[in-house]
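Notes for the structure review
One letter stands for each residue in the lines below.
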Amino acid sequence: MSLINDGFLNIAPHIYSNWQREELNERLKKVDLALVDVDDCIYPGTTNLALLRNLFLILLHRGRYKIFFRLMRCLPILLLMKCLQLLNFGVDNCRLILFFSRMVSNIPLSYLQTAVQPIPSNSFPGAKETLTILSRKSKTGLISLGPEVILEEYKRQFRDGGIPLIDFYDGTQVNLLKPIDKSRRARERIEEFKAKMPLVIGHNRDDLGMIKVVKRQGGFVLGFNPSREVAKQCDIIVRAKDWQPLAGYLQPLLSNER
C-alpha cells in the first residue's frame, strides 16, 4: 500500500498524515483523551500467547502438572483456531479470546499475575515514552480484547516517576467469559472524561468500532502499522518497527503543552 499515492504526506521519518503538518500539530496539542490498543500495537504480538507461555513455565517450575496438562490438552485447539484465523476461515479475535478465557478461567489468580509480569517490559521500544508524553496532557487508557490481568500489570509498571501513565483500562474479565465491546467502552470513556479531542491508537479490524466512535466525536485516529482497512480511517499513520519515531515526533511538540 502506497501511502503517498493514497493522499498521505510524509511529515516526518516513518510518519504520514492526510493533514498538513501545521494543522495536524494543532490537533495533537488539543488531545485530551488517548484510547490505545495493546496487541500488535503497544506489544509486538499477542499478549495472551505470552501469558500462556509464561504460565506453562510457572506451572512446570512449581510442579502443578495437573493444571499444566489440562492446559496442554486445549493448546492444539487454540493453535488450530489461530491457523484458521490466518487463513480467513471465520475465526476472529473475539472467538480466540473467548476460548483462551475458558482455558485459564480456573487458574489461580496469583499464577496469572506472576505470568503477566514480564509482558510490559517487552513492549515495542518507544511505546512507554509515547504514553509518558501523552499522559502528561491527557487522560490515557488501554482498551483491549486481552485479559484485564495483563492491562492491570501495564498500569502497575508503566509509570512516570511514581505517577501511573495509564489512567484506566478496559479488557476481558476471564471469569465472565465475555469479550468487551470496544466501541461501547470508547463511547463511555469519552463521556466520562467529557473529551473534546479524543485520540485512538489502533491497527486492525478489532479497532474499527472505537475508531468510528472517536471520529463521530470529532477526534482523530493514529494507526500503528495499520491494516489497509484501518489505514483508510487514519489521520496519521506510523510505518515503523517500533514507536520511537512517534515518541520523537511528539516530544518537542507536546513538551510545552503540559
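The rules behind each value
Residues numbered from 1 in each chain as written. Predicted model: local features only at pLDDT ≥ 70, side-chain atom pairs only at ≥ 80, totals over all residues. Heavy atoms only, no water. Helix = DSSP H or I, 4+ residues; strand = E, 2+ residues; numbered from the N terminus. Rg over C-alpha atoms; globule rule 2.2 N^0.38 Å. Buried < 20%, exposed > 50% of the residue type's maximum accessible area, 1.4 Å probe, protein only. Contact = heavy atoms within 4.5 Å. Areas by Shrake-Rupley, 256 points an atom, 1.4 Å probe, with all protein chains shown as cover. Lys, Arg positive; Asp, Glu negative; His and termini not counted. Charge placed at Lys NZ, Arg CZ, Asp CG, Glu CD. Axes fitted to C-alpha atoms, helices over the stretch in contact; angles between N-to-C directions. Parallel < 35°, antiparallel > 145°, perpendicular 65-115°, else oblique. Nonpolar A, V, L, I, M, F, W, Y, C, P; charged D, E, K, R; others polar. Core = buried A, V, L, I, M, F, W, Y, C linked by side-chain atoms within 4.5 Å. Patch = residues over 30% accessible without salt bridge, like charges linked within 9 Å, V, L, I, M, F, W, Y side chains within 5 Å. Salt bridge = Lys/Arg side-chain N within 4 Å of Asp/Glu carboxyl O. Pairing = 2+ DSSP bridges. Right-handed = clockwise from strand over helix to strand, strands pointing away.

This part is about the overall build of the protein chain. Counting its secondary structure elements, the protein chain contains 11 helices and 10 strands. The C-alpha radius of gyration computed for the protein chain amounts to 19 Å, which stays within 12% of the reference 18 Å derived for 258 residues, consistent with globular compactness. Projected onto the principal axes, the alpha-carbon positions of the protein chain cover approximately 60 × 45 × 35 Å. Counting all 258 residues of the protein chain, 52% fall into the buried class. Put simply, of all contacts in the protein chain between residues at least 6 apart along the chain, 68% involve residues at least 24 apart. Total accessible area computed for the protein chain in this model is approximately 12400 Å², and 51% of it derives from carbon and sulfur atoms. Across the protein chain, the centroid of the 37 positively charged side chains sits 5 Å from that of the 26 negatively charged ones.

Let us now look at the packing of helix α1 (residues 21-29) against helix α11 (residues 244-254). Between α1 and α11, whose axes approach to 11 Å, the crossing angle comes to 75°. Judged by the inter-axis angle, α1 sits roughly perpendicular to α11. Side by side, α1 and α11 meet where Arg21, Leu24, Asn25, Leu28 and Lys29 of the first sit next to Tyr249, Leu250, Leu253 and Leu254 of the second. Residues belonging to the contact of α1 with α11 are distributed by class as follows: six nonpolar, one polar and two charged.

Two numbers describe a pair of packed helices, the interaxial angle and the distance between the axes. Between helix α3 (residues 65-86) and helix α4 (residues 93-104), whose axes approach to 10 Å, the crossing angle comes to 175°. Considering their axes alone, α3 and α4 lie roughly antiparallel with respect to each other. On the side of α3, the interface is formed by Leu71, Cys74, Leu75, Ile77, Leu78, Met81, Lys82 and Gln85, while α4 contributes Asn93, Arg95, Leu96, Phe99 and Met103.

Attention now goes to the nonpolar core. What tends to happen in soluble globular proteins is that the nonpolar side chains get buried as a cluster. Counting residues in hydrophobic clusters, the biggest one holds 69 residues, and the most contacted among them are Leu51, Leu55, Leu142, Tyr154, Trp243 and Tyr249. The dominant element in this core, judged by the number of residues it contributes, is helix α2 (residues 47-61), at seven residues. Look past the residues within four positions of leucine 55 in its chain and what remains in contact with it is Leu71, Val104, Ile107, Tyr111, Leu112 and Ala115. Membership of the second largest hydrophobic core comes to 23 residues, among which are Phe8, Leu33, Phe168 and Met210.

Within the element layout of this structure, glutamine 85 appears in helix α3. With 10 residues separating them along the chain, glutamine 85 and arginine 95 place their C-alpha atoms 9.8 Å apart. With sequence-adjacent residues up to four places away left out, glutamine 85 is seen in contact with Val91, Asp92, Asn93 and Leu96.

What follows concerns a nonpolar patch on the surface. Together, Leu60, Tyr65, Phe69 and Met72 give the surface a local cluster of nonpolar side chains, amounting to about 390 Å² of exposed area. At three residues, the largest contribution of residues to the nonpolar patch is made by α3. In this structure, methionine 72 sits in helix α3. What makes methionine 72 partly exposed here is its relative accessible area of 34%.

A word on the environment of leucine 59. Mapped onto the elements of the fold, leucine 59 is located in helix α2. The exposure class assigned to leucine 59 is buried, which follows from its relative accessible area of 0%. Separated by 52 residues in the primary sequence, leucine 59 and tyrosine 111 have C-alpha atoms spaced 8.2 Å apart. In contact with leucine 59, not counting residues within four places along its chain, are Arg64, Ile67, Phe68, Leu71 and Tyr111.

Burial runs high along strand β8 (residues 198-202): five of the five residues are buried. Alternating residues of β8 divide into Pro198, Val200 and Gly202 and Leu199 and Ile201, and every residue in both groups is buried. Sheet topology note: the strand β3 (residues 33-36)/β8 ladder contains four bridges and is parallel. Looking at β8, one finds that alanine 34 is bridged to leucine 199. Pairing geometry for β8 and strand β9 (residues 220-224), over four bridges, is parallel. Each residue of the ladder has a partner; that of glycine 202, found in β9, is glycine 223. Traced from β8 through helix α9 (residues 208-216) to β9, the parallel crossover comes out right-handed.

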